[in-house]
Amino acid sequence: MNNNIAVIFYGPPGSGKGTQAKLLSDKLNLYLFDTGDFLRKIFSNPKLKNNKKIQAQKRLYNEGKLVSFEWVLKNVSQKVKELAKLDQSVVFSGSARSLFEAFGDNKHKGLVKILEEIFGKHNLYFFYLDISDEESIKRNSRRLICPTCKNALLAFASSMKNCPLCGDKIEHRSDDKKEIIVKRLKEYRQMTLPVIKELKKRKYKVIKIDGMPAPYKIFNKILNYF
Ligand code: AMP
């Protein structure tokens, strides 16, 4: 066990968990693991176009469903173990998102247990960014991203065609269509909210933050906990 920290951001799609995770990662020098980004990289890799297993996972992603819990847990826990060897703190956006990924079963150790063994329970922070369903749908259907540098500010730049940083064409994410956002919200309620409930029950540090204010205001609130 060491004095490093592990931070996990929760919140419905568009609540700003990726943005806050990135800000915190830069400020406190935490390794950033964004599970959605990790998956998007795999799904857009042309070398994996004919890989049936990966393409089946991509279909789930495109339908707004969570991808295989076991597959995600395997990849995430592998990364966490690498980081532990490097004596590095970490921040997650998008994991653990299911009870299985968080707490495992009798054959698999869940992410929360793995983190607890490495960092200690007192060094685990779970932030929960709260926004309404209406706000989630509004933000995601307007969201534009640069597939290359993922500049979060582009979310507000609806008239831009190209990223001002790298010049790549900015686009809507394939899962940011209204009907898919509604499905992602449903997945969040059914699969992820129970994780937050269970974490509270098990007396982990779960901190609820209003996700409505501007990102810098939210970030200042978050910093008060460190
Ligand atoms: P995000 O970028 O966090 O909005 O996640 C986008 C999509 O990636 C989700 O709708 C899921 O299909 C998939 N995903 C992200 N994180 C996980 C996870 N921990 N477990 C399963 N699927 C995930």
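Residue positions are given per chain, counting from 1 as you read along its sequence in written order. Only residues with pLDDT of 70 or above have their local features reported here, since the model is predicted, and side-chain atom pairs are shown and tallied only from 80 upward, although totals for entire chains, interfaces and linings are computed over all residues. Only hydrogens and water are set aside when side-chain values are computed; all heavy atoms of the structure are taken into account.

Q: Just to check I follow, could you spell out the pattern of salt bridges for this structure?
A: Each reported salt bridge corresponds to a side-chain nitrogen of Lys or Arg within 4 Å of a carboxyl oxygen of Asp or Glu. Inspection of the entire model under this criterion finds 11 salt bridges. Linking E63 and K65 is a salt bridge whose minimum nitrogen-to-oxygen distance equals 3.2 Å. Residue class for K65 comes out partly exposed when judged on its relative accessible area of 41%. Among the salt bridges present, the one from K79 reaches E82, with a minimum N-O distance of 3.3 Å. On the criterion of helical spacing, the pair formed by K79 and E82 is a turn pair, its members being three residues apart in helix 4 (residues 69-85). The buried label goes to any residue with under 20% of its type's maximum accessible area, the exposed label to any with over 50%, and the partly exposed label to all in between, with areas taken from a 1.4 Å probe on protein chains only. With a relative accessible area of 37%, E82 lands in the partly exposed category. Comment: elements are numbered from the N terminus, with helices defined as DSSP H or I runs of at least four residues and strands as E runs of at least two.

Q: Looking at this structure, how should I read the site of the ligand?
A: Neighbouring the ligand are 16 residues, the closest being K65, G94, R97, E101 and R173. Counted as a polar contact is a pair of N or O atoms within 3.5 Å, where, for protein atoms, one must be capable of donating a hydrogen and the other of accepting one, and residues adjacent in sequence contribute only when both atoms are in side chains. A distance of 3.1 Å separates a nitrogen atom of the ligand from a polar atom in the backbone of V67. Considered on its own, the ligand offers 490 Å² of accessible surface; in the complex 97% of this is hidden by protein. The element best represented in the shell around the ligand is helix 2 (residues 35-43), accounting for four residues. When at least one non-hydrogen atom of a residue lies within 4 Å of a molecule or strand, that residue is treated as near it. Residue-level accessible areas treat just the shown protein chains as cover; the underlying method is Shrake-Rupley with a 1.4 Å probe.

Q: In this structure, what is going on with the side chain of Q20? I would like to understand it.
A: Mapped onto the elements, Q20 comes out in helix 1 (residues 17-28). According to the relative accessible area criterion, Q20 is buried, its value standing at 2%. Residue contacts are counted whenever heavy atoms from the two residues lie within 4.5 Å of one another. Each residue touching Q20, except ones within four places of it in the same chain, is listed here: F9, L129, P215, I218, F219 and I222.

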